[in-house]
Structures are given as structure tokens and as C-alpha cells.
Amino acid sequence: MNLSPLQKARYEYVPKLPGMLRAGISEICVKDGEATASVADQDKIKALFPNTYGKNEITFMKGQNTSAAKKQVVGVILSGGQAPGGHNVICGLYDALKATDKSNVLLGFKGGPSGLIDDDFVEFDDAFIDAYRNTGGFDIIGSGRTKLETEDQFKIVTEVAKKHGLTAIVIIGGDDSNTNAAVLAEYMAANNTGVQVIGCPKTIDGDLKNEDIEASFGFDTATKTYSELIGNIERDANSAKKYWHFIKVMGRSASHVALECALETQPNICLIGEEVAAKKMSLSQIASQIADSVEKRGNAGNNFGVAIIPEGIVEFVPEFSKLIAEINELLAGANTEKFNALPDWDAKYKFIEEGLTKESMSVFAILPQLIQQQLFLERDPHGNVQVSLIESEKLLSALVKDELEKRKKAGTYKGKFGALHHFFGYEGRCAFPSNFDADYCYSLGYNAFMLIQYGYTGYLSKVSNLSKPAEDWVAGGMPITKMMNIERRNGEDKPVIRKALVELDGEPFKYFAANRDKWAVETAFTYPGAIQYYGPSEVCDLTTRTLALEHMA
Ligand code: FBP
């Protein structure tokens, strides 16, 4: 393998463990906490998880290790989208497992959950693990989005587990994967398989967090990577003074990534989907809000700026969601073929006009033709519009342009408007993990093994007090069922981990809201620069602004 100087240097980095896990395996004991109850729908969740519900929260402490000596054969999978630090979870798990007993075994199942079904695995050894320490990516075993949720799949996993003598399975994933980890844990317990299941909280989206889980891993590095790029663009904009940059950032539905990048870079505009939904904003209102900033800045001679757009924005605009629902309906069944057979866009437009309600047609009519056509081209396997593929950064800049033309005619806007578009997502998911993510992930993996060693199942590896130095982090475990409630999914009531959206009364949003009017008009950009791996702690061990604001003492 060709190694960059940074990769060689990162191999040598020793991740920081929480103080309480540093004494060595033989000196880690358990402190039992309170019995838990799910965040809502307690009776229903209890009934669905009779073997794993209501268990105690636990914390590890320095003290005599009292876990039973038992050979461990652990299987691990990476599930869903890549997030920086995944390799370190596996490294931490491996190191704790081998430090406990050299004969313990760690198997990595390849390509995500499907690796467990297909029994496609690799056995880790020192050389294998060493080549991935402190590196980004999920290429150590690959990842995938197959969902492990049906009884048939669980039966196959049980057979695979039996074949290898697995004592535990570690699932590294987001809210859905950890929901499925809880269901698998319950199945394994109900069927007396002896296989424990432990989850680890991953996702760059930052939406797997709650009163117990302070952050999902990968959010720190991904947002720092996007913020570096946004800061560089801001500096370019401020140098050339001729473009407005519309930058879409990943994050699926929730706007945590956009908000964190805004706190880091102080752009002129950052939209927050959750606020758009709460205020029931229309596309024209959003465009008008952006145009106000462009107008004020342009009239002062500043014909440049930066707007951050969260990936999920259009889903939060009520009139747009209604339009999407109507389009899905309009093209249901044989109608898709009928529509596709129409000779040209004019004929298709007429078909659409006849099929949509007046209200939705008025929204459709203001969209640029590129977006109108995208809505009918990009369909998922069920024939639905793929909202995530809509180029909302282009949609919004086109609407802003229209609005500015009106204002020009009315004589209020005197500037020039030139827009450029960007989408940052994949650029940040496999970056070398920041020191924070390298330390956090290694700790999550190490801690996951301690949970296995002490016999827990259906728990999420929990490392908290993250806004403080690693020495003061607190390691332990939380029953996954505590984070669950019942939600309607595909027409059925399902037990799921509650997804965390941006809280409009939370400190990160409040800080942003208190400053954004100033940022909209002034050039208040901040340039965070590249992630620093070596140097003073105040530069290298910075947490996200979100975490710092959420945990201000
Ligand atoms: P997870 O929820 O699996 O962590 O994935 C996060 C994410 O990066 C989203 O931000 C994005 O919308 C999605 O994955 C993209 O998925 P894909 O990698 O399948 O294109």
C-alpha cells in the first residue's frame, strides 16, 4: 500500500481513552445505575422487548474486574453511510478483546449487515488492524444498507453465529441499525442463543443523540471538513467579490450538519429545515429571506455571499411535501408508462397541469424547468420522487434570481447577482478522523468490549462528558430500549430509536438565531482552516460548537 506521510504518522497516534478505562482491563469494574424505561410508549416497548427492557444504566469505574473468564468470539459489522472513525471503533474493540485474552477472536463481517447473512467474513490479526489505525473510511470490511430486521434474517444470523461460536455481535450504525440491534438482541435472548448484541452510535448526520448519547461519531470530522471548505469558499468570495455561493451540505433530514457549519463559518445565510417546518415557510418566503440579504449587501456594494442549505430542506417546506405527495400519486401504477410515452415536455406539462391540484400546480409553476423535470426523472424503485436528489441549492438560487429581478424592476435592488453551486457530503465521510473522533471511536469500541465481557446485551456503548478532556470522559452502557418509542413507518407501528432533529429552543440554534441577522448583512465570515492533528490541544482537540453549546456548564 502507498502511504502518505500523514497516514504513516497517524498509525503512531495513540487514541486517548476515558480516564476510568486507562488502568488496564483487570482494573475496570461496573457501577450499576438506575433501572431504565423507554422515552415514550413504555407499555408497548416493554411488551415487545420482554427480555431486554428496563435494564439498568451502567458506568465503568476503576476497581477489581469481576467479569467471568470466558473465551470471546465477537463478530462486528459497519452499517450504513461511512463516518470518520469507524476503523477506530474496530481497533478499540480488538485491543480490549486481545488485552483480555490473546485467544479471543474478532471477526469482521463484510459489506454491512449482509455480511452476517452471507457469512462473508475476515478474522482480524495485529497486522490487519495496524494498517487501519486512526484512518478514515469503512474500507476495512466495507459497509452496506441491508436492514437486519426480519425473523428469517435473524434465524440465519443465529446459524452463522452458532457456526463460528460467536459470543457477541457489535453493530456500528445509526438510529435504524441500532434499533435493529435492539431487536436482534431481544431475539437472541428470547431464543437462549447466548449471543450478546451491542451497538455503537455512528452517523455524520448527528441525529442519533439524546440525553444519554451526546454525539454520534463522525459528525465532528465531517462538519470540520465541510467547514474548512466553506471557510475557503468564503475567503474566495470575499477576495473576488463577485459570486454568491449556494452550498448544500449532507445530513439527510435533520439540519445539524448545516447548523454546525454555520456556527463554524458565520455565513450570510443558513437555512434550518426544522425552523422552516415550524414556521410553515413557503419556497417564496425562503427565497425572499435570502434575497433580502443579497439586496442589502448588493446595495452596499457587496455583490457576494455564502448560503448554506441543508440536504433535507425541501421536505420541510409544507407546500413542497404536498406537491411531492401529489406527484407520487399522479404517477402511481400504469400512469408512469402513460406519462413516459408522451412525446415532449409540453405534452408532459399539460398532463401534470391536469393532474395536480391548483395549489400544488402554483408551486410547481414557479420551479425552474430543470427542477420540474428532475421531479419526474429521478424515481426510486417504488416510483416515488427521490427528494434527496433534488438540487435544492440550484432551486433556491433560481428563485432568488427571479425575486431579485422583480426588486430590480421595482428599483429597490441595485446590485449584481451571480450564483455558483456546491454540494458537500462525500468529501467529509471518509476523512482522517479528527483527534476527537479518533479518541471517541476508539473508546466506544474498547467500551463495547467491556460491555460484552460483563455480559450485557441490547446496550449501546456510551461515552459521555465529551465536551471535557478525554481524561474526564465517562464510559458505560445504556439499554437501547431506553431510547425507543413507537412511530408509524410504512403504514405500521414500529419500535424505533427517536431521531434527534435540531431543537429550536436548544443552545446551538439560539446562538445562531441571535447572530444571523448581523451575519446576513455584514461580512462576518470565519475561516476554521483544515483539521489539525498535531500541535497545541486548543487547536487539535476542539469539539464541535454544537457539543460545546449543548453542554455549557
Ligand atoms: P447514515 O444515516 O447511514 O449514517 O448515512 C448518512 C448519509 O451520509 C446522509 O447524510 C446522506 O443523505 C446519505 O448517507 C447518503 O447515502 P448514500 O451513501 O447511500 O449515498
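Read on for an overview of the structure. (Residues numbered from 1 in each chain as written. Predicted model: local features only at pLDDT ≥ 70, side-chain atom pairs only at ≥ 80, totals over all residues. Heavy atoms only, no water.)

## Section: the sheet that holds strand 11 (residues 419-424)
Reading across from one edge, 9-10-8-11 is the order of the 4 strands in this open sheet, with parallel pairing throughout. This sheet does not close on itself; its edge strands, each paired only once, are strand 9 (269-270) and strand 11. As judged from the 6 bridges shared by strand 8 (residues 244-249) and strand 10 (residues 305-310), these two strands associate in the parallel manner. Each residue of the ladder has a partner; that of tryptophan 244, found in strand 10, is glycine 305. (Pairing = 2+ DSSP bridges. Helix = DSSP H or I, 4+ residues; strand = E, 2+ residues; numbered from the N terminus.)

## A closer look at the site of the ligand
As a matter of local geometry, the ligand sits amid 13 residues, with Gly81, Thr203, Asp205, Tyr426 and Arg429 nearest to it. The contact in question runs from an oxygen atom of the ligand to an N or O atom on the side chain of lysine 202, over 3.1 Å. In the model, an oxygen atom of the ligand is placed 3.0 Å from a nitrogen or oxygen of the glutamate 311 side chain. Protein chains bury 79% of the 480 Å² of accessible surface belonging to the ligand in isolation. Classifying every residue of the shell around the ligand gives 3 nonpolar, 4 polar and 6 charged. (Near = heavy atom within 4 Å. Polar contact = N/O pair within 3.5 Å; in protein donor to acceptor, adjacent residues only side chain to side chain. Areas by Shrake-Rupley, 256 points an atom, 1.4 Å probe, with all protein chains shown as cover. Nonpolar A, V, L, I, M, F, W, Y, C, P; charged D, E, K, R; others polar.)

## As for the layout of surface pockets
Here the second largest pocket is characterised by a volume of approximately 490 Å³. Lining the second largest pocket we find 22 residues, and of these Lys209, Asn210, Ala500, Glu503 and Glu550 sit closest to its centre. For the lining of the second largest pocket, the secondary structure elements donating two or more residues are helix 9 (256-265), helix 21 (507-521) and helix 23 (545-550). Counted by class, the lining of the second largest pocket contains 9 nonpolar, 5 polar and 8 charged residues. (1 Å grid on protein atoms, 1.4 Å probe; cavity = no way out; pocket = protein on both sides within 12 Å on 5 of 7 lines; lining within 4 Å. Points joined across faces, edges and corners; volume = space filled by probe spheres on them.)

## A word on the sheet that holds strand 7 (residues 196-201)
The strand order across the open sheet formed by 9 strands is 1-2-13-12-7-6-3-4-5, and the pairing between neighbours is mixed. Either end of the sheet is taken by a strand with one partner, and the two such strands are strand 1 (28-35) and strand 5 (121-123). Averaged over all neighbouring strand pairs, the angle between strand axes comes to 25°, with direction disregarded. In this sheet, strand 6 (residues 168-173) lies alongside strand 3 (residues 73-78) in parallel orientation, the contact comprising 5 bridges. Of the residues in strand 6, the one forming a bridge with leucine 78 is isoleucine 172. Against the sheet, helix 20 (residues 435-453) engages strand 1, strand 2 (56-62), strand 3, strand 6, strand 7, strand 12 (459-464) and strand 13 (474-479), with an angle of about 135° to strand 12. (Axes fitted to C-alpha atoms, helices over the stretch in contact; angles between N-to-C directions. Contact = heavy atoms within 4.5 Å.)

## A word on the packing of helix 9 against helix 21
Viewed as axis vectors pointing N to C, helix 9 and helix 21 meet at an angle of 55°, and their least axial separation amounts to 10 Å. Classified by the angle between their axes, helix 9 and helix 21 sit oblique to one another. At the point where helix 9 passes helix 21, the crossing takes the left-handed sense. Where helix 9 abuts helix 21, its residues Leu259, Ala262 and Leu263 lie against Pro508, Phe509, Tyr511, Phe512 and Trp519. Of the residues in the contact of helix 9 with helix 21, the class split is 8 nonpolar, no polar and no charged. (Parallel < 35°, antiparallel > 145°, perpendicular 65-115°, else oblique. Left-handed = near helix turned anticlockwise from the far one by under 90°.)

## Quick notes on the packing of aromatic side chains
In this structure the tally under the stated criterion is 20 aromatic pairs. Grouped by ring-pair contacts, the aromatic residues Phe339, Trp345, Tyr349, Phe351, Phe364 and Phe376 constitute a single cluster. A cation over a ring is seen here: arginine 297 above phenylalanine 304, with NZ or CZ 4.8 Å from the ring centre. In this structure, arginine 545 packs its charged tip against the face of tyrosine 511, placed 5.2 Å from the ring centre. (Phe/Tyr/Trp six-rings, centres within 6.5 Å; stacked < 30°, edge-to-face > 60°. Lys NZ or Arg CZ within 6 Å of the ring centre and 35° of its normal.)

## Quick look at the packing of helix 13 (residues 318-330) against helix 16 (residues 358-366)
Axis separation between helix 13 and helix 16 bottoms out at 9 Å; the angle between their running directions is 105°. Relative to helix 16, helix 13 is oriented roughly perpendicular. Here Glu319, Phe320, Lys322, Leu323 and Glu326 of helix 13 come into contact with helix 16, specifically with Glu359, Ser360, Val363 and Phe364. Among the residues making up the contact of helix 13 with helix 16, the classes are represented as 4 nonpolar, 1 polar and 4 charged.

## Digging into the side chain of aspartate 212
Topologically, aspartate 212 is positioned in the loop between strand 7 and helix 8 (219-240). You can call aspartate 212 buried: its relative accessible area is 7%. Of note is the side chain of aspartate 212, whose polar atom sits 2.7 Å from the side chain of lysine 482. Ignoring sequence-local partners within four residues, the contact set of aspartate 212 consists of Lys462, Ser464, Met478, Lys482 and Met483. (Buried < 20%, exposed > 50% of the residue type's maximum accessible area, 1.4 Å probe, protein only.)

## Topic: helix 11 (residues 283-299)
Helix length check: helix 11, at 17 residues, gives a terminal C-alpha distance of 24 Å against a target of 24 Å (1.5 Å per residue), a fit within 8%. Once helix 11 ends, the next one or two residues include glycine 301, with phi positive near 90°. (Expected span 1.5 Å × (residues − 1).)

## A look at helix 15 (residues 345-355)
Taken residue by residue, helix 15 has Trp345, Lys348, Phe351 and Ile352 as its buried positions. Down the axis of helix 15, the sector holding all buried residues measures 120°, keeping them to one side. In helix 15, the exposed positions that point more than 90 degrees away from the buried face belong to Asp346 and Glu354. (Arc of directions from axis to C-beta.)

## Some points on the pairing of strand 4 (residues 105-109)
With 5 of 5 residues buried, strand 4 lies mostly within the body of the structure. Both faces of strand 4 are covered, namely the face carrying Val105, Leu107 and Phe109 and the face carrying Leu106 and Gly108. Strand direction decides the pairing type here: strand 3 and strand 4, joined by 4 bridges, are parallel. Bridged to glycine 75 within strand 4 is leucine 107. In this view, the connection linking strand 3 to its parallel neighbour strand 4 by way of helix 3 (residues 86-100) has right-handed handedness. (Right-handed = clockwise from strand over helix to strand, strands pointing away.)

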